[in-house]
Amino acid sequence: MTSMKTIAVIGGGITGVTTAYALAKRGFAVTLIEKHRYAAMDTSFANGGQLSASNAEVWNHWSTMLKGIKWMLRSDAPLLVNPKPSWHKLSWFAEFIAAIPHYDKNTVETARLAVAARAHLFAWAEEEGIDFDLKKKGILHIYRDKAGFEHAASVSKLLARGGLARRAVTPAEMRAIEPTLAGNYYGGHFTESDATGDIHKFTTGLAAALVRLGVDCRYGQDVQAVGADARGASVTVGSGADAGTTRFDGVVICAGTASRALGAALGDRVNIYPVKGYSITVNLNDAQSQAAAPVVSLLDDATKLVCSRFGADRFRVAGTAEFNGYNRDIRADRIRPLVEWVEQCFPGVSTRSVVPWAGLRPMMPDMLPRVGRGRHPCVFYNTGHGHLGWTLSAVTADMVGGVVAQALAAPARQSVLQPVGA
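Residues numbered from 1 in each chain as written. Predicted model: local features only at pLDDT ≥ 70, side-chain atom pairs only at ≥ 80, totals over all residues. Heavy atoms only, no water.

Draft legend 1. Local environment of the overall build of the protein. Scanning the protein from terminus to terminus reveals 11 helices and 20 strands. Taken against the 2.2 N^0.38 rule, which gives 22 Å for 422 residues, the C-alpha radius of gyration of the protein at 21 Å falls within 12% of a compact globule. A principal-axis box enclosing the C-alpha atoms of the protein has dimensions of 65 × 45 × 40 Å. Across the 422 residues in the protein, those meeting the buried criterion constitute 57%. Considering only contacts within the protein whose residues lie at least 6 apart along the sequence, 76% involve residues at least 24 apart. Here the protein displays about 17000 Å² of accessible surface, and carbon together with sulfur accounts for 55% of that area. Computed over 45 positive and 36 negative side-chain charges, the separation of the two mean positions in the protein equals 3 Å. (Helix = DSSP H or I, 4+ residues; strand = E, 2+ residues; numbered from the N terminus. Rg over C-alpha atoms; globule rule 2.2 N^0.38 Å. Buried < 20%, exposed > 50% of the residue type's maximum accessible area, 1.4 Å probe, protein only. Contact = heavy atoms within 4.5 Å. Areas by Shrake-Rupley, 256 points an atom, 1.4 Å probe, with all protein chains shown as cover. Lys, Arg positive; Asp, Glu negative; His and termini not counted. Charge placed at Lys NZ, Arg CZ, Asp CG, Glu CD.)

What follows is the structure, given as structure tokens:
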């Protein structure tokens, strides 16, 4: 960069913070704008913890639709759809169905991105000295029936096309990989190269690195309006007498579920739907619980739950998908299955101290994040990562950093928003 360009990054979750970091490293004057008082206080607060290339399979499959219909009347179902219609929900599901023919291609592309993301994330954590309870112990997918196990075998072939090795394991091998796991299983699939870590600790650690790099981090600033023209972008925060507008050479939208409204204000259609997920953090307050909790991360295909171990005294269980609009309520009937899963799979773990949480995943209908330019030449997007925001964040941040550098160093030209891999 021959001169320092000013860039606003809207959103202080994992995607916004990694994007700000990638841009700062490229020599931009970056301003990070986040509505909460601190980084990673929304969807990046308490997810499942998996850095899981092995979970790259997109959901655009007829079996997903059938399960959703079957489970619609079960309040504790892994996939729950509120039948109340809305234009947003209907348009999203129409595009979801339209993407089913691209299931193979999009799964391969997601796996490729997830594998590439590791190198960036691990290197950034090492360079900045971030402790985020990283465990490179792999991820074990567990299956209770033959049908699920065989479907996973077909998924493994797609993952291999994306550069990921995953191998089938017998029940005996599963016990050897994670001896604390109780119950009967048909088999499993193990990805040794996958890892886990605390997304909140990583994001706040990288946010501290932003300050050291000279990034202007503005917390507690709720964006009220965004605009763009041939001269650059504008961002307005606050309201009434406290409102203030700042001009920038460019803006990157990394605002999670709020990206849809911000995109519309900028003339772009970003059809993100908020898909609620739940988690519990089990505090392992005694030696017996610490010994009985798993060290290897698991994904249970039947219940759609994942688990990760953070240090000696914390155990995270997360999952489920709830299509219920922008509702952030933590429902007891959705938390209960997570606690019961711990009691069934790890009976030696005490569930006396359990902290529930819920967050809204920003999900695109084709399950691919939006990374690239908007209608205006100074507008960019890195959003819509769905359930893989933690897994993909580092690579998409690096990608959008490259796109911004190229766009602002070269003569502006009109372009349209495209998904990754398009």
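Draft legend 2. The arrangement of the environment of isoleucine 335 in detail. With respect to the element layout, isoleucine 335 can be found in helix H10 (residues 332–345). A sequence separation of 17 residues divides isoleucine 335 from alanine 318, and the C-alpha atoms of the two residues are 9.4 Å apart.

Draft legend 3. Geometry of the sheet that holds strand E13 (residues 250–253). In space, the 6 strands of this open sheet follow the order E9-E2-E1-E13-E20-E19, with mixed pairing throughout. Bordering the open sheet on either side are strand E9 (216–219) and strand E19 (370–373), each of which pairs with just one other strand. Across the sheet, the axes of successive neighbouring strands diverge by a mean angle of 15 degrees, strand direction being ignored. Examined bridge by bridge, strand E2 (residues 29–34) and E9 share 4 bridges and lie parallel to one another. Within the sheet, the bridge partner assigned to threonine 31 lies in E9 and is aspartate 216. Packed on one face of the sheet, helix H1 (residues 14–25) meets strand E1 (6–10), E2, E13 and strand E20 (379–383) and runs near 170 degrees to E2. (Pairing = 2+ DSSP bridges. Axes fitted to C-alpha atoms, helices over the stretch in contact; angles between N-to-C directions.)

Draft legend 4. Seen up close, helix H3 (residues 87–98). Under the 1.5 Å per step criterion, the end-to-end length of H3 is 16 Å for 12 residues, consistent within 8% with the ideal 16 Å. Those residues of H3 that sit buried are His88, Lys89, Ser91, Trp92, Phe93 and Phe96. (Expected span 1.5 Å × (residues − 1).)

Draft legend 5. Inspection of helix H11 (residues 389–409) at higher detail. In this model, H11 (21 residues) spans 28 Å end to end at C-alpha, consistent with the 30 Å of a helix rising 1.5 Å per residue. Along H11, the helix axis deviates most sharply at valine 395, where the bend reaches about 30 degrees. With 15 of its 21 residues buried, H11 lies for the most part within the structure. (Bend = angle between axes of the 7 residues up to and from the residue.)

Draft legend 6. View of a nonpolar patch on the surface. A grouping of Tyr38, Met41 and Phe45 is seen on the molecular surface, where their side chains present a nonpolar patch of about 270 Å² in accessible area. The topology assignment puts tyrosine 38 in the loop between E2 and strand E3 (50–51). The exposure class assigned to tyrosine 38 is partly exposed, which follows from its relative accessible area of 46%. (Patch = residues over 30% accessible without salt bridge, like charges linked within 9 Å, V, L, I, M, F, W, Y side chains within 5 Å. Salt bridge = Lys/Arg side-chain N within 4 Å of Asp/Glu carboxyl O.)

Draft legend 7. A look at the pairing of strand E17 (residues 314–323). Taken across its 10 residues, E17 has 10 buried, putting it largely inside the fold. Here 3 bridges tie strand E4 (residues 79–81) to E17, and the two strands are oriented parallel to one another. Looking at E17, one finds that leucine 80 is bridged to glutamate 322. Sheet analysis places strand E14 (residues 273–283) next to E17, joined by 8 bridges and oriented antiparallel. Considered in E17, the bridge of isoleucine 280 is made with valine 317. Note: strand E16 (residues 305–310) against E17, 6 bridges, orientation antiparallel. Of the residues in E17, the one forming a bridge with phenylalanine 310 is arginine 314. Hairpin connection, E16 to E17: the antiparallel pair is bridged by 3 residues, and glycine 311 has positive phi, about 65 degrees.

Draft legend 8. Here's a closer look at unusual backbone geometry. A positive phi angle, close to 60 degrees, is found at alanine 40, a residue other than glycine. Among the structural elements, alanine 40 can be located in the loop between E2 and E3. Here alanine 40 falls in the buried class, since its relative accessible area comes to 1%. Here threonine 320, not a glycine, exhibits a phi torsion of approximately 65 degrees, which is positive. Looking at the secondary structure, you find threonine 320 in strand E17.

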